[in-house]
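# Secondary and tertiary structure notes
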Amino acid sequence: MKIVFMGTPDFAIPVLDNLVTEHEVVAVYTRAPKISGRGNRVNKTPVHLWAEAHHIPVYTPKSLKSVEEQNILQQHQAQLAVVAAYGLILPQTVLDMFPRGCINVHASLLPRWRGAAPIQRAIEAGDKQSGVSIMQMALELDAGDVWAQEAVTIPPYMTGGQLHDALSTVGGRLLLKTLRQLDTLSPTKQDETFACYANKIDKAESLLNFIMPAERILDKIRAFNPYPAMYFLYHGERFKVYEAELVDVSGHPGQIIEGEHELIIAAQNNAIRITKIQREGKQVMDVSALLRGFRFEKENI
RNA sequence: CGCGGGAUAGAGCAGCCCGGUAGCUCGUCAGGCUCAUAACCUGAAGGUCGUUGGUUCAAAUCCUUCUCCCGCAA
């Protein structure tokens, strides 16, 4: 099938990898390169780089609302558009442009976690399972009819990064399977009563607030590992927390209970033992390694 | 040229401002001690202090070139 692919971040790469094995991807749409990263260089998106490496034409319109862009899109004469974390809103004209419409790969079991950050929000909320949905796109965000779903169990220590990788792998596989069965399957409407939204990750959320139950703090640490990573400030220096575990002791929330042989900080109830940490300018390391040359005083943070 | 931090023994760090024989906590190895806490005691090995050039009687330290790593912001 002739397909136009639309996507931007790493999540879309395994989907693309799978797609090209059975279909003809005639054009790749992705977000325009932007100034980002250290040194403020102009960087292309992961999908952009992938497409160039595979010699597939790349298009980076700022919007698909203009007639000009829509005409270009039409000229690809694709039967279907596959969308995976593209980042642009598709107007109704575009949704109707292809004989088979637009199909979206979404990293949650819809209708739960519609929106921008379904992976992190699922872990942050303590969900025991997540999954991938293949959905016929509608104008309303992530509300289209669902062709297929595959669940993925979230083990207690799974991080956001691990779930991301797991779901993108499943997504690529499930998409292919669904496309093969497109003529025999019939999509299911989403039950609106179970819909909830995964808000974008805000940097301000990554400052650790110890006035909450330790279990919730641990969920946030897992969800935000490796990005953007929860952090706390100690003597004005930022320490990113990558892994931690529950400890059955208590103290004033934010108090460093132990900081010499291990790092334990009190939460609202119980406490957390931080096991993987990153100091400013340093690599991520085991806390035990850091504590060979560094010591936390038993203060409140 | 967006802002900033870093590179010192296998690991993590201090020393640099204020130049004067390379330190700490661990790890490793050897020996000793022990009912006992992540045991303790003694000793040893292990460094061209990231790279280039300069200043100086003398550079980990001051100036300079380059490389690599990282945080922030966007």
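Computed from a predicted model, the values in this text were never measured in an experiment.

### Section: the pairing of strand β1 (residues 2-7)
For β1, a buried count of five out of six residues is recorded, marking the element as mostly surrounded by other parts of the structure. Examined bridge by bridge, β1 and strand β2 (residues 24-29) share five bridges and lie parallel to one another. Across the sheet, the residue bridging to lysine 2 is glutamate 24, located in β2. The parallel pair β1 and β2, bridged by helix α1 (residues 12-22), forms a crossover whose chirality is right-handed. In the sheet, β1 pairs with strand β6 (residues 80-84) via five bridges, with the strands oriented parallel. When the sheet's bridge partners are listed, isoleucine 3 is paired in β6 with leucine 80.

### Regarding the domain arrangement of chain A
By domain assignment, chain A separates into domain 1 (2-198) and domain 2 (203-290). One C-alpha centre belongs to domain 1, the other to domain 2; they are set 33 Å apart. Every contact between the two is made by 13 residues of domain 1 and, on the other side, nine residues of domain 2. Buried area between domain 1 and domain 2, summed over both chains or domains, comes out near 880 Å², and the portion from carbon and sulfur atoms is 49%. On the surface where domain 1 and domain 2 come into contact, there are two salt bridges. The partner of glutamate 205 in a salt bridge is arginine 121, with the nearest N and O atoms 2.8 Å apart. Those elements that provide at least two residues to the side of domain 1 that touches domain 2 are α5 (118-124) and α6 (160-180). In terms of residue count, α5 provides more of the side of domain 1 that touches domain 2 than any other element does, four residues in total. In terms of residue class, the side of domain 1 that touches domain 2 is made up of six nonpolar, five polar and two charged.

### Points about the nonpolar core
Within soluble globular proteins, side chains that are nonpolar tend to cluster in buried spots. Within the largest apolar cluster, 67 residues are counted, with the highest numbers of intra-cluster contacts made by Phe5, Phe232, Ile274 and Phe296. Element by element, the count of residues in this core is highest for α6, at six residues. For this core, the domains that each give at least three residues are domain 1 (2-198) and domain 2 (203-290). Discounting chain neighbours no more than four positions away, the residues touching phenylalanine 5 are Ala12, Val15, Leu16, Leu19, Val25, Ala27, Val28, Tyr29, Val47, Val82 and Ala84. Core analysis: the second largest hydrophobic core is formed by 18 residues, Met6, Tyr86, Val94 and Cys102 among them.

### Remarks on the environment of glutamate 192
With respect to the helices, strands and loops of the structure, glutamate 192 is situated in the loop between α6 and β11 (197-198). For glutamate 192, a relative accessible area of 44% gives the class partly exposed. A C-alpha to C-alpha distance of 22 Å links glutamate 192 and isoleucine 123, two positions 69 residues apart in sequence. Discounting chain neighbours no more than four positions away, the residues touching glutamate 192 are Arg114 and Ala143. A polar contact is formed between the side chain of glutamate 192 and the side chain of arginine 114, at a distance of 3.0 Å.

### As for the protein's contact with RNA strand B
In the vicinity of RNA strand B, 22 residues are found, and the nearest of them are Lys203, Ala289, Leu290, Arg292 and Gly293. Counting only the atoms of RNA strand B within 4 Å of the protein, the fraction contributed by sugar and phosphate is 57%. Separating a sugar or linking oxygen of RNA strand B from a backbone N or O atom of lysine 282 is a distance of 3.4 Å. With respect to RNA strand B, the backbone of leucine 290 contributes an N or O atom lying 2.8 Å from a sugar or linking oxygen.

### A word on the packing of aromatic side chains
Given two aromatic rings, their pairing is described by the distance between the two centres and the angle made by the two planes. In the structure shown here, the tally under the stated rule is nine aromatic pairs. Judged by centre distance (6.2 Å) and plane angle (75°), the rings of tyrosine 234 and phenylalanine 239 are edge-to-face. Here tyrosine 234 falls in the buried class, since its relative accessible area comes to 3%. By relative accessible area, phenylalanine 239 is classed as buried at 0%. Aromatic pair phenylalanine 294 and phenylalanine 296: ring centres 5.1 Å apart, planes at 70°, arrangement edge-to-face.

### Topic: the pattern of salt bridges
If you walk through the whole model with that rule in mind, you get 18 salt bridges. Here glutamate 52 ties to lysine 44 by a salt bridge, and the two come within 3.0 Å at their closest N and O atoms. The class of glutamate 52 is partly exposed, set by a relative accessible area of 36%. On the basis of relative accessibility, which here comes to 38%, the residue lysine 44 falls in the partly exposed class.

### Observations concerning the confidence of the model for chain A
Of all residues in chain A, 100% have pLDDT values of 70 or greater, and the mean over the chain is 96. In the predicted complex, the global pTM is 0.94; the interface-specific ipTM is 0.90.

Rules of the game
- Residues numbered from 1 in each chain as written.
- Chains lettered and ligands numbered in written order.
- Predicted model: local features only at pLDDT ≥ 70, side-chain atom pairs only at ≥ 80, totals over all residues.
- Heavy atoms only, no water.
- Buried < 20%, exposed > 50% of the residue type's maximum accessible area, 1.4 Å probe, protein only.
- Helix = DSSP H or I, 4+ residues; strand = E, 2+ residues; numbered from the N terminus.
- Pairing = 2+ DSSP bridges.
- Right-handed = clockwise from strand over helix to strand, strands pointing away.
- Domains from an automatic or database assignment.
- Contact = heavy atoms within 4.5 Å.
- Buried area = accessible area lost by both parts, 1.4 Å probe.
- Salt bridge = Lys/Arg side-chain N within 4 Å of Asp/Glu carboxyl O.
- Nonpolar A, V, L, I, M, F, W, Y, C, P; charged D, E, K, R; others polar.
- Core = buried A, V, L, I, M, F, W, Y, C linked by side-chain atoms within 4.5 Å.
- Polar contact = N/O pair within 3.5 Å; in protein donor to acceptor, adjacent residues only side chain to side chain.
- Near = heavy atom within 4 Å.
- Phe/Tyr/Trp six-rings, centres within 6.5 Å; stacked < 30°, edge-to-face > 60°.
- pLDDT = per-residue confidence, 0-100.

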